Amino acid sequence: MDQAIVENVNRVAVEKDYTLLTSLLDALRPFLKPDQSPDARDFWDALVADCHVLAEQRLLKGEMNSLWGVTPIVSLRECVAADRALGSNAHSLVFTTYHISSNFDFVCSEIQARLVAERGEDWFLFRWLMLIWALVNFDIFHLYNDRGIIEPAGGYGSPRFGIAVREMEIYRRAGKRLYTYAYGADHRTREKTLALGKWNFCSECPDPGVYCVCDDAGGTAMLQVIREHSTAVVAHGLAMELIPGARNLPYLAVDTKRFSHERSPCQRDGKLVVGHFPNHGYFKGTKYLQDAIQSLQADGHAIELLQLSGKPNHEILEAMRTIDVLVDQLISGAFGLTAVEAMASGCPVICYLHDEVAIADRKACPIIEANPETIKEVLRQLVSDRARLSEAGAAGRQYVRKNYSVEALGAHLADLYVATADLPKPLRTRLAESAKVLNS
């Protein structure tokens, strides 16, 4: 492995040096795609062999370097924090950001956008360059099912979703561990989802085939290929019903230290203030909540809806401090990160939970359950039963601390590594001890 290339690639990843990047792309153009020529294959064979040795050496020394990405999920930072709690050198990498959060370790959105504007399809080569950087520096990879570092994604069951097969093959040849996760659209197939029951994520979809994988045959084929290349496939909640062979791990984690125990719900003339913060209302049953509140208001009940969409995460968290109860969703059958954040802040949550949903400690879950048919009656009772809200809010904090905190996720990750990563015995022992500490 040429040390000068490694150093320059590291500079590009860390410093976002555009001039150096374009020079590297031009110099390495004949080699960046491993299947374009015999010379390119030789280059990648040598690189992969060197990275395999590096991975073994680091793990034998007790070093764990892990990379989380590349889908810019808000909870990515908490996943990194949980990994770091085990002593891992963990970082996040993204190539795009959403308006709700851009708090990641390596953000390549601007440099990639400039490449697209000035050099067209050279941004595909940039992704191969970033794969070189990742292989040299990291040995454990955590990716969502929708894509990895290399583009284009998919092509083996779905044209839009799926980690590039060549990328997954390279991870295995280089001795890397690959863990794949579900976030929603990247695994949701229509017929399987509709079969979950009357209320489900697909029941209100305005445009099937646009938002999610949707195609059952194609989605099944895609997930099968990913499973064959992964060290382990990870899922949680309803995803456990849709992804064969997945390990259940509650990775919707939050840093509970970020949430103040002080709440100041608005006392708007004694009204019950209901918060609802959907990005896609048709997937959350928003219209049913709106109808229920309008009906209750017409009946003379003191109730008000605070609805926000498309806001940065910090604004949503601030709004949670001012409401009496959060309605997360009424049709999908499982709660999302917003509900976990609300519970961590002591805000009671209303949500529809599918009978078989694989959430953590279902019996202890303090969520107040409701669906489109029951939401009006549930809210009507809560208008006068504030004690129930107080109890749910207090229980929510404890529930999240035990099941969805950074510490809880760290312990789960330790168990996952010990069970699946084929690590040296001293490292397995250390991880097991770390899990005990985090669980306590």
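Look up: the structure comes first, before these words.
Each chain has its residues counted from 1, running along the sequence as written. Only residues with pLDDT of at least 70 are given local features in this predicted model, and only at 80 or more are side-chain atom pairs given and counted; all residues enter the totals for whole chains, interfaces and linings. Side-chain calculation: all heavy atoms of the structure are included, whereas hydrogens and water are not.

Points about the pattern of salt bridges
Now for step 1: Within this document, salt bridges are pairs made up of a side-chain nitrogen of Lys or Arg and a carboxyl oxygen of Asp or Glu, the two lying within 4 Å of each other. Overall, the coordinates contain 30 salt bridges when judged by the stated rule.
Now for step 2: Between R380 and E377 there is a salt bridge, with its nearest N and O atoms 2.5 Å apart. Here the residue R380 and the residue E377 both occupy positions in helix 14 (residues 375-384), the gap between them amounting to 3 residues, near one helical turn.
Now for step 3: Only protein chains enter the area calculation, which uses a 1.4 Å probe; residues under 20% of their type maximum are buried, those over 50% are exposed, and those in between are partly exposed. Using a relative accessible area of 37% as the deciding quantity, one classes R380 as partly exposed.
Now for step 4: Through salt bridges with shared partners, a single ionic network connects D26, R29, R119 and D122. Only DSSP runs of H or I reaching four residues or more are called helices, and only runs of E reaching two or more are called strands; each is numbered from the N terminus.

Let's talk about the sheet that holds strand 1 (residues 65-70)
Now for step 1: Only strands that DSSP links by at least two bridges are regarded as paired with each other. Strands sit in the order 3-2-1-4-5-6-7 across an open sheet of 7 strands; the sheet is parallel. At either end of the open sheet lies a strand with only one pairing partner, and these are strand 3 (106-107) and strand 7 (247-248).
Now for step 2: As paired elements, strand 1 and strand 4 (residues 140-144) share 4 bridges and run parallel to each other. The residue of strand 4 that forms the bridge with S66 is I140.
Now for step 3: Across the sheet, helix 6 (residues 122-137) lies against strand 1, strand 2 (89-94), strand 3 and strand 4, angled at about 150° from strand 1, the strand it touches most. By definition, residues are in contact when any of their heavy atoms lie within 4.5 Å. Angles shown run from 0 to 180 degrees and are taken between the N-to-C directions of axes, each axis being a line fitted to C-alpha atoms and, for helices, limited to the stretch in contact.

A look at the nonpolar core
Now for step 1: We define the nonpolar core as a collection of buried residues of types Ala, Val, Leu, Ile, Met, Phe, Trp, Tyr and Cys that are connected through side-chain atoms lying within 4.5 Å of one another. Core analysis: the biggest nonpolar cluster contains 98 residues, and L93, W133, I149 and Y417 have the highest contact counts within it.
Now for step 2: Per element, the largest residue contribution to this core is 13 residues, and it comes from helix 6.
Now for step 3: Y417 has contacts with M64, S66, D83, L86, I140, H142, Y179, D422, L423 and L431, leaving out every residue within four places of it along the chain.
Now for step 4: Ranked by size, the runner-up nonpolar core spans 35 residues in total, among them L317, A339, A342 and V357.

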